[in-house]
Amino acid sequence: MSKPVSGRGKTLAWRLAARTDAEPVDVDTEPGPGLHPAVDGGAGGWRTGGGRSCFRLAREGRPVALPAGWYQLEGRLVSADYKLMMPCLYPRYARGGDGDAQMPLPEPAADGSMMALVLLKYDVASLQFCPSFAPARFSMEGFSLTRIPRSRALLHMLGLVGERSGGGWGRSLRLTWRFLAGAAREGVSRATAILFWEYQRRLQPTGMNAYEVWANRFDALGEEQLDALQRRARELEADGPLISILLPVYQTPERWLRRCIDSVIAQVYPKWQLCIADDASPDPRVMQVLEQYARHDARIEVVRRDRNGHISAASNSALELVRGDYVALLDHDDELRPHALLEMAEAVGGGRDIQLAYSDEDKIDADGRRFDPYFKPDWDADLLRSQNYVCHFTMIRSGLVRAVGGFREGFEGSQDHDLILRCGERLQAAQVRHIPKVLYHWRAIPGSTALTRDAKDYASSAGARAVAEHLVRCDTNARAEELSHGHYRVRWPLPEPAPRVSLIVPTRDKVELLRMCVESILARTDYPDFEIVVVDNQSSDPDALAYLAELEQREKVKVLRFDAPFNYSAINNWAARQCDGQVIGLVNNDIEVITPDWLQEMVSQAIRPDVGAVGAMLYYPDDTIQHAGVILGIHGIAAHIYGGQQRGYPGHGGRARVVQGLSAVTGACLLVRRELYEQVGGLDEALEIAFNDIDFCLRLRAAGYRNVWTPFAELYHHESASRGSEDTDEKKQRFMREVEFMQDRWGEHLPVDPAYNVNLSLSSVCCELSAPPRHPSDAG
């Protein structure tokens, strides 16, 4: 039984055998944020507020690394609240890939017992266990994770060893026959993947996942909702656009093909044209099904290609049939929500020059269960260069699609991303509309990209080439790199010579922090031209004064004295006038450099003409995230997204791993061109301590610049240790004045951050679902 402990201490030991020939050893489980010992005397030894609150497997304080392979997990997890827990594992792969970043585990049995097979596709750098997605009290004991040979994993999935999930030997024999037939037809690896997928489906709880519960409550379309949608569609029909849906088809199983086409026919908005191109499917039944639909609905047009040309060529064949004002993209085994076209038609109506519109999306399995939503931000060119976040459901003005040349062959797997990049090059942000509603379901079946990102490795390579060619067309001299998890990094160039950077570091006493900060910058920064401007604000500690005197003799370091009461904004504004860098860096004295190219990465972003402030990835000393960007409205004014999550945490939609635009970044490590700092008047000195960085970023945004956050500049932040906490009445009153200042100046903007979806909670820094969702119209 786990022993309740306080803080971030150890709980119970898991038995771990990471090699098939090894004796099990004990490893510790360390509780992360959101997990606390239960102190109410109830049955539960722990309590969780829900969401992604995890135990980390560790040995001697370090994450446990595991080799790839099959593992058997066993243990006992008892809910004191008698509710679904939905436990899962979170691996962080050593190669950086997301893979199945969230691994759902079976719901505990009535007595709390659990047993499941786990497949780690790649070597794992760390592993976390989330006991419950819902708030709960629980106890856990007897957990073990044992590596087993693939042969034993196969026998278990076939029901030939261990407990069977029902059906007895007859079911086992049927599974075995199907597996052997699949292995003969498609190979053992493919047959094993399908068997494992079916095994996971059998083990899922009869209840619903957390998103499915949310969707049923807040996103279901009952009779009343459908009646209202029909009325809206009738009002729009006369003046609404004709929408042509492109549907390239190849060897689609009849079940999914019919579901896909039926989802178009079920649209409440009637002004559509379905343009289907069969890419020479060998199975004649595919064309028979298509012709049957075309005979029954004149809005459906079908063309069959003489030879297989793959998805780009097939999409272009469908494009030749288009008569509509807009082109919409649909995959042959996916489904549209009934109101998808209505929402799109309304979004582009009213005389607005909308050239491209896109929606949120989720996935749907073979049983029709919804999961894994992506609630997206508004238009973000940097995020689009990092990943095809626009993806589904996308609608583009037909003339624009034709003007850029349609779909390009050679980019199969990322042909849509390539098209959106080329269209986006011709658009202003005001011509793009994001509809923050799930209008599209990806079909998640074995082998589909929706089920796992590495199902089609060629797609990632094609996407990297699409981004690279986009950068050439935009005359940026930047280059694109494919990341191991399927997304992309753009490396922006620096001019020759590189611009001089002045890093302003305010400090008072706390010599150990200042020394760590300054020495790490000097020793670990490979940028060619920078100075550290240390601003002493009334230090009195002898050791601190001695170190400041030493720094005055050091190359690349300047020491200034600010002899006035502490005011963070005033200190930085004054120091900026005393230095000559073309780029100003705001750096806390408790920052420690990790990656040598941190400054090169941040400067290369900051000198882009349309970019304002640039922020970095900051970690606490225990390698949990302190700052991955600022989201407006969370906890009232703003908060740091993903705070407290483990280093390597992918974030919602994988966004914690890629460059993107954000409304604000923290002043603990912020770079901006001097001309922009001066243009907006620097930091507002009415904000002495809090929110001055957020206010500064919002003024840059109001002046027409985009603030950018990059995960490729990594530093530790020891969290304002020299300033202390808000622990006096005077400090609390000052803080409340600054809260009121932000609400008065920016109040209407705070709840509607364009980088944060209205379906995500303003009470959580981990993109938990908003219940209920904030009204989509509030997003602008």
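Whatever comes next refers back to the structure up there.
Described below are features of the structure shown in this document. (Residues numbered from 1 in each chain as written. Predicted model: local features only at pLDDT ≥ 70, side-chain atom pairs only at ≥ 80, totals over all residues. Heavy atoms only, no water.)

Now for the overall build of the chain. When its secondary structure is counted, the chain shows 20 helices and 35 strands. Evaluated residue by residue, the chain yields a buried proportion of 56% over its 780 residues. For the chain, the proportion of contacts with a sequence separation of at least 24, taken over those separated by at least 6, is 77%. Accessible surface, the chain as shown: approximately 31,700 Å² in total, 49% of it carbon and sulfur. (Helix = DSSP H or I, 4+ residues; strand = E, 2+ residues; numbered from the N terminus. Buried < 20%, exposed > 50% of the residue type's maximum accessible area, 1.4 Å probe, protein only. Contact = heavy atoms within 4.5 Å. Areas by Shrake-Rupley, 256 points an atom, 1.4 Å probe, with all protein chains shown as cover.)

A few words on the packing of helix α19 (residues 692–702) against helix α20 (residues 729–746). Look at α19 against α20: their axes get within 11 Å of each other, and the N-to-C directions meet at 15°. It follows that α19 is roughly parallel to α20 by the angle criterion. α20 is crossed by α19, and the crossing has left-handed handedness. Of the residues in α20, those in contact with I694, D695, L698 and R699 of α19 are F741, M742, R745 and W746. Grouping the constituent residues of the contact of α19 with α20 by class yields 5 nonpolar, no polar and 3 charged. (Axes fitted to C-alpha atoms, helices over the stretch in contact; angles between N-to-C directions. Parallel < 35°, antiparallel > 145°, perpendicular 65-115°, else oblique. Left-handed = near helix turned anticlockwise from the far one by under 90°. Nonpolar A, V, L, I, M, F, W, Y, C, P; charged D, E, K, R; others polar.)

Side chains that carry opposite charge are capable of pairing whenever their charged atoms lie near each other. Across all of its chains, the model carries 49 salt bridges by this definition. One salt bridge connects E254 with R258, and the closest N-O pair in it is separated by 2.8 Å. With E254 and R258 both in helix α6 (residues 254–265), this residue pair falls 4 residues apart, about one helical turn. Residue classification places E254 among the partly exposed positions, given a relative accessible area of 30%. (Salt bridge = Lys/Arg side-chain N within 4 Å of Asp/Glu carboxyl O.)

As a further point, take the environment of P772. With respect to the helices, strands and loops of the structure, P772 is situated in the segment after α20. The exposed category is assigned to P772, whose relative accessible area is 53%. Once the C-alpha coordinates of P772 and R217 are considered, the two residues, 555 residues apart in sequence, prove to be 8.8 Å apart.

Moving on to unusual backbone geometry. Residue F393 follows H392 across a cis peptide bond; omega there is -5°. Looking at the element boundaries, F393 is found in the loop between α10 (381–386) and β20 (394–397). With omega at -5°, the peptide bond leading from E496 into P497 counts as cis. Among the structural elements, P497 can be located in the loop between β23 (488–491) and β24 (501–507). Of note in this structure, C391 is not a glycine but carries a positive phi near 45°. Structurally, C391 can be placed in the loop between α10 and β20. Relative accessible area serves as the criterion here: at 15%, C391 is assigned to the buried category.

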